Amino acid sequence: MSIPFFSSAPMHTALKTEIDAFWQRFYDSNWYVLGPEVEAFEQAYANFNQSRYCIGVANGLDALHISLKALGIGPGDEVIVPSNTYIASWLGVSQVGAKPVPVEPNPYTWNIDPDRIEAAITPRTRAIMPVHLYGQACEMGPIMDVANHHQLRVVEDNAQAHGAAWQGKLTGSFGHINGVSFYPTKNLGALGDAGAVTTDDPALANFARMYRNYGSKERYFNETPGLNSRLDAIQAGILRIKLPFLTQWNLMRAELAQEYFAHLEGIEPIILPTLGKGCTHVWHLFVILAERRDALKAYLANQGIATLIHYPLPPHLQKAYSGLGFQPGQFPIAEALAQKCLSLPLYPGMPMEQVEKISAAIQAFYPS
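None of these values were measured; they are calculated from a predicted model.

Caption draft 1: Quick peek at the UniProt feature "modified residue: N6-(pyridoxal phosphate)lysine" (unreviewed entry) in the protein chain. Those residues carrying the UniProt feature "modified residue: N6-(pyridoxal phosphate)lysine" (unreviewed entry) are Lys186 in this numbering. Summarising the element assignment, Lys186 is placed in the loop between β8 (178–181) and β9 (195–199). Those residues in contact with Lys186, other than ones at most four positions away along the chain, are Ala159, Gln160, His162, Ser181, Arg253 and His284.

Here it is in structure tokens:
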């Protein structure tokens, strides 16, 4: 029996009746971009995320781009980003003409280390972009303290942590303005690309709403050269159907993660995830650090078990950022994580016996 890395089938099968009814309502509405479906989802997600405003956009990268643009960040500015993240976090900074300045992660939580941020601040620094990687909340209290002390803005990259929290407050509700992704594999996933901006600031919300729509508040009148980054009504409708189930799905992910811990603890060649102080985890990904990672990945594939690497090369070593002049060894923690990280299958509805089979295969690969 093969084990997929991810499957949306258990979630979608359970919602099939409601989704089928939505298809007909959507088709008959004759309103396919923005409109009532988008507005209804924006309000629902804002309420869920403890944010005053949610603005639906085309994808998570656009959400980061628009958030930075709303803050007036541009050429000559610097934005602090994690050295250990998906490249989209950096791309959002580059798209507004600013420079990403990497900061190493905590070697245990793998999220940006608040204690390392201050050393990276220069007179050009305008913002900090913490990324809640793999589904674990960053330690947002210390990050906000640094930002407030230096009068910097905070833009959370909340692509992977819908429903996670630091000290009871949800990710995506700390920053001045924040980006969310609803890519199909996310904890709250659309049936295509989708994203959103969250904020409590009415001026920033108004800018984001205008900028996503060609820079226009009134049709055919444009105040700024904006983007075409409007959320499709079909994606908004699907997301609104799924949103009430998100907490339950996150709990299902947590149960699978705990099963992994129960079976994998004590295997010395691997390191399991560690929670930061005050942080919760919604297990978007279950990532381990493994000795002989590539050999383990190949072994599991031969056993019919799909795995992925998130991520095999840090942004500072990508060809896309060769112009910044970073060299191998400059961010050793991120580089070490890239060499050892391996993501194991985990999704709502995944049979628990599959976790047992995967764990047994890992134990067999590392005989005691």
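Caption draft 2: Representation of the domain arrangement of the protein chain in the model. Domain assignment breaks the protein chain into domain 1 (8–243) and domain 2 (245–365). The C-alpha-based centres of domain 1 and domain 2 are spaced at 24 Å. With 44 residues of domain 1 in contact, the opposing surface of domain 2 contributes 41 residues. For the pairing of domain 1 and domain 2, the buried interface totals around 3,600 Å² over both sides, and the portion due to carbon and sulfur atoms is 65%. Contact with domain 2 buries area across many residues of domain 1, yet Trp110, Tyr134 and Asn187 alone supply 22% of it, more than any other trio. Connecting domain 1 to domain 2 are zero salt bridges. Taken together, domain 1 and domain 2 are joined by 24 residue pairs in polar contact (both at pLDDT 80 or more). The set of elements that each furnish at least two residues to the side of domain 1 that touches domain 2 consists of α1 (9–14), α5 (88–95), β3 (99–103), β6 (165–166) and α9 (233–242). A per-class count over the side of domain 1 that touches domain 2 returns 25 nonpolar, 13 polar and six charged.

Caption draft 3: Spotlight on the packing of helix α4 (residues 60–70) against α5. Packing of α4 against α5 brings their axes to within 8 Å, and their N-to-C directions diverge by 40 degrees. When the axes of α4 and α5 are compared, the pair comes out oblique. Of the two elements, α4 crosses α5, and the hand of that crossing is right-handed. Judged by residue contacts, Leu61, Leu64, His65 and Leu68 of α4 engage Ala88, Ser89, Leu91, Gly92, Val93 and Gln95 from α5. A class-by-class count of the residues in the contact of α4 with α5 yields six nonpolar, four polar and no charged.

Caption draft 4: Main features of the nonpolar core. With 33 residues, the main nonpolar core has Leu68, Ile73, Val79, Met129 and Val197 as its most contacted residues. Every element with two or more residues in this core is listed here: β1 (53–57), α4, β2 (78–82), α5 and α8 (202–211). Inspection of this core shows a minimum of three residues originating in each of domain 1 (8–243) and domain 2 (245–365). Excluding residues that lie within four positions of it along the chain, Val79 makes contacts with Leu68, Ile73, Val93, Ala98, Lys99, Pro100, Val101, Ala127 and Met129. Trp283, Leu300, Leu342 and Met350 belong to the second-largest nonpolar core, a separate cluster that totals 27 residues.

Caption draft 5: Quick peek at the sheet that holds strand β14 (residues 341–344). Read across the open sheet, the three strands follow the order β12-β13-β14; overall the sheet is antiparallel. This sheet does not close on itself; its edge strands, each paired only once, are β12 (270–271) and β14. For β12 and strand β13 (residues 286–290), the ladder comprises two bridges, and the chain directions are antiparallel. Across the sheet, Ile271 pairs through a bridge with Leu289, a residue of β13. Against the sheet, helix α11 (residues 293–302) touches β13 and β14, its axis set at about 25 degrees to β14. Across the sheet, helix α12 (residues 332–340) is in contact with β13 and β14; its angle to β14 comes to roughly 50 degrees.

Cut-off values and rules
Residues numbered from 1 in each chain as written. Predicted model: local features only at pLDDT ≥ 70, side-chain atom pairs only at ≥ 80, totals over all residues. Heavy atoms only, no water. UniProt positions renumbered as here; feature names shortened; annotations may be inferred. Helix = DSSP H or I, 4+ residues; strand = E, 2+ residues; numbered from the N terminus. Contact = heavy atoms within 4.5 Å. Domains from an automatic or database assignment. Buried area = accessible area lost by both parts, 1.4 Å probe. Salt bridge = Lys/Arg side-chain N within 4 Å of Asp/Glu carboxyl O. Polar contact = N/O pair within 3.5 Å; in protein donor to acceptor, adjacent residues only side chain to side chain. Nonpolar A, V, L, I, M, F, W, Y, C, P; charged D, E, K, R; others polar. Axes fitted to C-alpha atoms, helices over the stretch in contact; angles between N-to-C directions. Parallel < 35°, antiparallel > 145°, perpendicular 65-115°, else oblique. Left-handed = near helix turned anticlockwise from the far one by under 90°. Core = buried A, V, L, I, M, F, W, Y, C linked by side-chain atoms within 4.5 Å. Buried < 20%, exposed > 50% of the residue type's maximum accessible area, 1.4 Å probe, protein only. Pairing = 2+ DSSP bridges.

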